[in-house]
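Architecture at a glance
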Amino acid sequence: ATFAEHGYEVAHVGAGSYNGVAVLARHPLDDVRASGALDDESLDREPRVISCLIYIPEPLRVVSVYAPHGRTVDHWHYQYKLAFFGALTRHVERWLDQEGHVVVAGDLNVAATDSDVFHPDAFVGSTHVTPRERDALRRLFDVGLVDVDVALWGERARRYTWWNHGIGYSRNLGMRLDVIAADTATAALLDTTWIDHTERGGERPSDHAPLIADFHRSTPAHEAP
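Presented here is an overview of the structure given in this document. (Residues numbered from 1 in each chain as written. Predicted model: local features only at pLDDT ≥ 70, side-chain atom pairs only at ≥ 80, totals over all residues. Heavy atoms only, no water.)

Our next topic: the pattern of salt bridges. Under the counting rule described, the total for this entry stands at 12 salt bridges. Between R61 and D31 there is a salt bridge; the shortest N-O distance is 2.6 Å. One end of the pair, R61, is in strand β5 (residues 59-66); the other, D31, is in strand β3 (residues 29-34), with 30 residues separating them in the sequence. Its relative accessible area of 0% is what places R61 among the buried residues. Between D40 and R90 there is a salt bridge, with its nearest N and O atoms 3.5 Å apart. Here D40, found in the loop between β3 and α2 (41-44), pairs with R90, found in helix α3 (residues 76-99); they are 50 residues apart in sequence, far enough to count as distant. A residue is classified by how much of its surface remains accessible, and D40, at 14% relative accessible area, is buried. (Salt bridge = Lys/Arg side-chain N within 4 Å of Asp/Glu carboxyl O. Helix = DSSP H or I, 4+ residues; strand = E, 2+ residues; numbered from the N terminus. Buried < 20%, exposed > 50% of the residue type's maximum accessible area, 1.4 Å probe, protein only.)

The structure is reproduced here in structure tokens:
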């Protein structure tokens, strides 16, 4: 109701305390597809994906993602994580082919390079940084997505979005786990990206800081339907 007061439409899927994703927009949402109805066991197992079309004015497929953690490399959840990325990649590739404009955003739970962790030695043998996870993330991007934060600031910018609770944030012992990726045409409309440290530095914050991207319209607002 609060979002509706401010003119937002909302689509969401969740499971109580754990897992859950949403899309909010000030434009009508169409063709909502979410975990539980994607006809893929890896995506339907837990509520980790929701997507919809937003007309602004061209149709844009927005995909909100919360990738599995993986837990440990010898855990079944790690294999689930790899299968999840494979299934997500196939869906995104299909959406790109059919609809052209796609944005994938969320906690992807992979640090793409050693520059995306505060020090690689701290993560030896851990999930989030293994070659198989990084390859899975690269294959997702290779279907035609641009990591817009990297495109703007470079691969070695060390712009983290996650810090463990405690001293991790004050000492910047972080990781870059949150991503906004767009098709090349949409990525070309990027104005900037920023990380909300005001929110992360607040009282009882999430261990993630919101990652935000601003895009400009390809069509002037007064001409849009």
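On the surface, F3, V10 and L24 cluster together to form a nonpolar patch covering roughly 240 Å² of accessible area. Take F3: it is sitting in helix α1 (residues 2-5). Classification of F3 by relative accessible area gives partly exposed; the value is 45%. (Patch = residues over 30% accessible without salt bridge, like charges linked within 9 Å, V, L, I, M, F, W, Y side chains within 5 Å. Areas by Shrake-Rupley, 256 points an atom, 1.4 Å probe, with all protein chains shown as cover.)

On to the nonpolar core. Counting residues in hydrophobic clusters, the biggest one holds 27 residues, and the most contacted among them are V63, F84, F85, L88, V92, L140 and L145. Elements that contribute at least two residues to this core include exactly β5, α3, β6 (102-107), α4 (131-142) and β10 (178-183). When residues of this core are assigned to their parent elements, the largest contribution, 10 residues, is made by α3. Of all hydrophobic cores here, the second largest spans 24 residues; its members include L29, V103, Y160 and A182. (Core = buried A, V, L, I, M, F, W, Y, C linked by side-chain atoms within 4.5 Å.)

With that out of the way, let us pick up α4. Between the first and last C-alpha of α4 there are 16 Å, a value that for 12 residues agrees with the 16 Å anticipated at 1.5 Å per step. Along its buried surface, α4 packs onto α3, β7 (145-147) and β10. Positive phi shows up at G144, right after α4, with a value of about 135°. (Expected span 1.5 Å × (residues − 1). Contact = heavy atoms within 4.5 Å.)

Taken by themselves, the reported measurements are silent on function.
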